[in-house]
Amino acid sequence: MERKHNEFITASGLRVSMPVPGIVRVTDGMHKGSYMVSAPTRRTAPKVSGEALTWGKITVEPENGMALFYDGKLLCVDYPGSRRLRTSLSPEEVAQLSSEGHVPSEALAEAGEWKVEVVKTLAPDAVVYGLGDKTGFLNKRHYAYENWNTDDPTPHCDNYKSLYKSINFFMVYSENGCLGILADNSYRTRFDFGKEQEDYYFWSHAGGALDYYMIPGKTPKEVLRRYQSLTGRSMLQQKWVYGFHQSKWSYYTDGEVLGMVSTMRENKLPIDAVHMDIDYMEGFRVFTFNSARFSDPKAMTAKLAEQNVKAITIIDPGVKLDPGYFVYDEGVEQGHFARNPDGSIYEGAVWPGPAVFPDYTQEKTRIWWGEKVKIMTDAGIRGIWNDMNEPANFTGPLPDDVKFSEGNHKEIHNVFGHLMAKATYDGLLKADGRRPFVLTRACCAGSQRYCSGWTGDNHSMWQHLQLSLTQMMNLGLSGMNMVGSDVGGFGSDATPELLVRWFQLGAISPFFRDHYAKGTRNQEAYAFDQATMDGCRKALDLRYHLLPYIYDLAHEDMPILRPLVLEYPEDPVCRELTDQCMLGDRLLAAPVMTPGVSARAVYLPKGVWFDYYTGKRYTGGKYVLAEAPADRMPLFAKAGAVIPVSAGKPQCVEEITRVVLEVFPGNGRYVHTMDDGESMDYLDGGVRRIEIRVQGHQLEQKVIADGYPGPDVLEIRWMA
Ligand code: GLC
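Computed from a predicted model, the values in this text were never measured in an experiment.

Caption draft 1: Looking closely at the overall build of the chain. When its secondary structure is counted, the chain shows 13 helices and 45 strands. For 720 residues, the compact-globule formula gives about 27 Å, and the C-alpha radius of gyration of the chain, at 25 Å, lands near that figure. Each principal axis of the C-alpha distribution contributes one length, and for the chain these read about 70 × 70 × 50 Å. Residues counted as buried form 63% of the 720 residues belonging to the chain. Across the chain, 77 positive and 91 negative side-chain charges occur, with their mean positions spaced 5 Å apart.

Next comes the structure, spelled out in structure tokens:
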């Protein structure tokens, strides 16, 4: 092994270093630069003994299968044998599969497409989490996936390998501890977590360099924290963003937008934001408003502001090919669009028909795009919804050789949405100054630095309600905390019962938006019968009740909504639990996700728990049967829990003026954070923090940060 500036080069040419504390990088040295990693890198020197490199608790033996030990326990080692394929396809079968839509991994393998591959030993007891928005349940062991941002509006099922997001991060957790892997490569990537064979997992890239980070820890929580030190933290949003959003494809006129908001207010259905879908534009030209149907957007947003409602507009990347349209003209003149190999501008088609695609890999293009965002903020728009940024194209996938300044489409595809979100984030921050709200459909690892995400075009199906919970949990385990799905379902028609149950899950989802597709049944809560509207209202009231708690969680560096395994990794039941979740570390939710149910089994981990609604006491470590009437989702608080809630019945975040601490007896420590709810000052000490310590039925409050004015003590409500 050769040593150069604290990097160790193996006999086979792999370079091993610790560029960020606690994280080991392995690379072939061919990588040009990273879209995913944001941490400043400074290689730390290890202790070297023989062939072993030791940094604190981490020891790596590069020449011994890149073995990594954490606290003396083996967490990761290259698989000593070679892969043993279980399937082989005839050329006819490959053609058949390809014609059905998805290019099967096997087809690419036969075409020699997979250029870079890493195979690691999979421990018999290991479970696997992460990879963002993938379909299926929580634990990804025994499944295979592909990361290639894909827009697919047909119902997403378990056998889907690719969806909108490509987050090359996963965690393998076993008795020995937890190992996170970030595969830092933007090309099409496949992952197999013991599907091909029980005893190994592997990932392969369709091109580019070998570059991966091994992130060890004792628990998934430790690993997730370290992963965020490498790729960045989910952005704290303005407080209203945690309120309820209503959306539709599309509210056609300003009158319809305002009418929806008034109807919500009249029916006491709390709301903070409305989303304006593609039809607000002039012929689907981005950064324009339809002059007949939205004649005075500024006046409309001012009227919304009187009702404490913010407007968010969709912005797609496809720019209408339309000489005379300023965005197109500027883009052509200034060289902002992706090109064909012959140098001409590549033409695809999206909503406006023939369209061209910005080359967001160029800094000048990101700045130009970001400056356009000011057109929207000048009209009073408060957030930008980036869609179709896989990029989706109605004339078929962009050819591999379409040119961007930093590579061809094959290399850029998976980071296109990420770079669009970055451009939008920077533009919003400059134009508005407040914490930018950017909602994206496509992204990659690290995008959490710039945007929130939603899970794309789901359907009004019970299966998709179930799927949305595991998608949100795995997105959280992949570093994206601010996520949600289209509540009620996007495609197809919601039944009254499905809508209410989905609103209940929405109430605890980090991002809570009802959105539905053109041509499907109206899906605002008031578009249903009285009992359904009442059920939705109850869920909305719960959301606004819990909002101060949710906002506290957003200040943390852990997912707001999390799987139980994050809190109880040592409990084998929690490792597979897909139909329950936790809001923070003390509130456990068991959403109802099947029809006709009025009670459900709830697993309570070890410890003392209280029914959130009745205060009834339970001893955990077992399943209990919880009442789940149509208008209520079972919720349990752990002993010692402190839950800051809103006093009264706020109809929007602005109306949350008083916070009360709900307290469940036991032992616990909690920190409640107050800030101005919109500026970046929180990064600079602009916060007030009250530490609350609970011991049995005793409670103490202490101000531990006073960079923002507020009370020194809060009102207490004992819940049991
Ligand atoms: C895409 C989006 C969806 C949106 C529609 C029209 O399908 O995923 O949310 O409503 O486009 O813009």
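Caption draft 2: Focus on the environment of Arg-441. If you trace the backbone, Arg-441 turns up in the loop between strand S27 (438–440) and strand S28 (452–454). We classify Arg-441 as buried; its relative accessible area is 1%. Expressed as a C-alpha distance, the spacing of Arg-441 and Met-300, which sit 141 residues apart in the sequence, is 27 Å. In this structure, Arg-441 is in contact with Asp-151, Tyr-164, Lys-165, Asn-386, Asp-387, Met-388, Asn-389, Glu-390, Ala-392, Trp-454, Gly-456 and Asp-457, ignoring residues within four places of it in sequence. Polar side-chain contacts of Arg-441 include one of 3.4 Å to the side chain of Asp-151.

Caption draft 3: Local environment of the packing of aromatic side chains. Summed over all chains, the structure comprises 38 aromatic pairs. A centroid spacing of 5.7 Å and a plane angle of 75 degrees characterise the contact between Phe-503 and Phe-512, whose relative ring orientation is edge-to-face. A single burial state applies to Phe-503 and to Phe-512, both of which are buried. Joined through ring pairs, the aromatic side chains of Phe-287, Tyr-328, Phe-337, Tyr-360, Trp-368, Trp-369, Phe-404 and Phe-416 make up one cluster. Above the plane of the ring of Trp-454 lies Arg-513, whose end atom (NZ or CZ) is 5.2 Å from the centre. Between Arg-521 and the ring centre of Phe-528, over which it is positioned, the NZ or CZ distance is 3.6 Å.

Caption draft 4: Looking closely at the sheet that holds strand S21 (residues 319–320). Ordered by their spatial adjacency, three strands build an open sheet running S21-S23-S22, and the pairing between neighbours is antiparallel. Strand pairing shows two members of the sheet lacking a second neighbour, S21 and strand S22 (348–350), which therefore form its edges. Bridge count between S22 and strand S23 (residues 353–356): three bridges; the pairing is antiparallel. In the sheet register, Val-350 faces S23, and the bridge partner there is Gly-353.

Caption draft 5: How the structure looks around the layout of surface pockets. Of the pockets and cavities examined, the second largest pocket occupies roughly 560 Å³. The wall of the second largest pocket is formed by 24 residues, among which Lys-239, Val-653, Ile-656, Asp-675 and Asp-676 lie closest to the centre. Only helix H11 (530–555) and strand S42 (666–674) provide two or more residues apiece to the lining of the second largest pocket. Counting residues per element, the lining of the second largest pocket draws most heavily on S42, which supplies three residues.

Caption draft 6: Examining the pattern of salt bridges more closely. Applying the stated criterion across every chain yields a total of 38 salt bridges. A salt bridge links Glu-146 to Arg-188; its shortest N-O distance comes to 2.9 Å. Separated by 42 residues along the polypeptide, Glu-146 in strand S12 (residues 144–147) and Arg-188 in the loop between strand S14 (177–183) and strand S15 (189–192) bring together distant segments of the chain. The two residues Glu-146 and Arg-188 agree in class, both being buried.

Caption draft 7: Highlighting the site of the ligand. In the vicinity of the ligand, the contacting residues are Trp-249, Asp-277, Ile-278, Ile-314, Trp-351, Trp-385, Asp-387, Arg-441, Trp-454, Asp-457, Phe-490 and His-515. Separating an oxygen atom of the ligand from a side-chain N or O atom of Asp-277 is a distance of 2.5 Å. Between Asp-457 and the ligand, the recorded distance is 2.5 Å, taken from a side-chain N or O atom to an oxygen atom.

Caption draft 8: Summary view of the pairing of strand S4 (residues 23–27). Counting buried residues in S4 gives four out of five residues, a clear majority hidden from the surface. Both strand S3 (residues 15–20) and S4 contribute to a ladder of four bridges, which runs antiparallel. Along S4, the bridge assignment pairs Arg-15 with Thr-27. Taken together, S3 and the strand that follows it, S4, pair antiparallel across an intervening segment of two residues, in which Gly-22 is found at a positive phi of about 80 degrees. Note: S4 against strand S17 (residues 211–217), four bridges, orientation antiparallel.

Caption draft 9: Structural view of the packing of helix H4 (residues 254–266) against helix H5 (residues 297–306). For the pair H4 and H5, interaxial distance at closest approach is 10 Å and the crossing angle is 5 degrees. Classified by the angle their axes make, H4 and H5 are roughly parallel. Contact with H4, carried on its side by Asp-254, Val-257, Leu-258 and Val-261, involves Met-300, Lys-303 and Leu-304 of H5 and no other residues of that element. Its residues placed into classes, the contact of H4 with H5 shows five nonpolar, no polar and two charged.

Caption draft 10: Examining the sheet that holds strand S16 (residues 200–205) more closely. Taken together, the four strands give an open sheet; going across it, the order is S10-S16-S15-S12, and neighbouring strands pair in antiparallel fashion. If you trace the sheet from one side to the other, it starts and ends with strand S10 (116–121) and S12, each paired once. Between one strand and the next, the sheet's axes are offset by a mean angle of 10 degrees, whatever the strand orientation. Relative to S16, S10 runs antiparallel, the two sharing six bridges. Note on S16: the bridge partner recorded for Glu-117 is Ser-204.

Caption draft 11: Spatial organisation of unusual backbone geometry. Put simply, Trp-249 and Ser-250 share a cis peptide bond, and its omega is 0 degrees. Mapped onto the secondary structure, Ser-250 falls in the loop between strand S18 (244–248) and H4. With an omega of 0 degrees, the peptide bond between Glu-390 and Pro-391 qualifies as cis. Among the secondary structure elements, Pro-391 is positioned in the loop between strand S24 (383–386) and strand S25 (403–404). Its identity as a non-glycine residue notwithstanding, Lys-268 has a phi of 55 degrees, on the positive side. Mapped onto the fold, Lys-268 is located in the loop between H4 and strand S19 (273–276).

Caption draft 12: Quick look at the domain arrangement of the chain. Domain annotation of the chain identifies domain 1 (2–231), domain 2 (239–555), domain 3 (580–638) and domain 4 (642–718). Taking only C-alpha atoms, the centre of domain 1 and the centre of domain 2 are 31 Å apart. At the junction of the two partners, domain 1 supplies 44 residues and domain 2 supplies 44 residues. The junction of domain 1 with domain 2 conceals about 3,500 Å² of combined surface from both sides, 55% of it contributed by carbon and sulfur atoms. For the interface between domain 1 and domain 2, the tally reads three salt bridges. Put simply, domain 1 and domain 2 have 29 residue pairs in polar contact (both at pLDDT 80 or more) between them. Of all elements in the fold, only strand S11 (127–130), strand S13 (169–174) and helix H3 (220–231) reach the threshold of two or more residues within the side of domain 1 that touches domain 2. Looking at the side of domain 1 that touches domain 2, the element that brings in the most residues is H3, giving four residues. Split into classes, the residues belonging to the side of domain 1 that touches domain 2 amount to 20 nonpolar, 15 polar and nine charged.

What counts, and where the lines are drawn
Residues numbered from 1 in each chain as written. Predicted model: local features only at pLDDT ≥ 70, side-chain atom pairs only at ≥ 80, totals over all residues. Heavy atoms only, no water. Helix = DSSP H or I, 4+ residues; strand = E, 2+ residues; numbered from the N terminus. Rg over C-alpha atoms; globule rule 2.2 N^0.38 Å. Buried < 20%, exposed > 50% of the residue type's maximum accessible area, 1.4 Å probe, protein only. Lys, Arg positive; Asp, Glu negative; His and termini not counted. Charge placed at Lys NZ, Arg CZ, Asp CG, Glu CD. Contact = heavy atoms within 4.5 Å. Polar contact = N/O pair within 3.5 Å; in protein donor to acceptor, adjacent residues only side chain to side chain. Phe/Tyr/Trp six-rings, centres within 6.5 Å; stacked < 30°, edge-to-face > 60°. Lys NZ or Arg CZ within 6 Å of the ring centre and 35° of its normal. Pairing = 2+ DSSP bridges. 1 Å grid on protein atoms, 1.4 Å probe; cavity = no way out; pocket = protein on both sides within 12 Å on 5 of 7 lines; lining within 4 Å. Points joined across faces, edges and corners; volume = space filled by probe spheres on them. Salt bridge = Lys/Arg side-chain N within 4 Å of Asp/Glu carboxyl O. Near = heavy atom within 4 Å. Axes fitted to C-alpha atoms, helices over the stretch in contact; angles between N-to-C directions. Parallel < 35°, antiparallel > 145°, perpendicular 65-115°, else oblique. Nonpolar A, V, L, I, M, F, W, Y, C, P; charged D, E, K, R; others polar. Domains from an automatic or database assignment. Buried area = accessible area lost by both parts, 1.4 Å probe.

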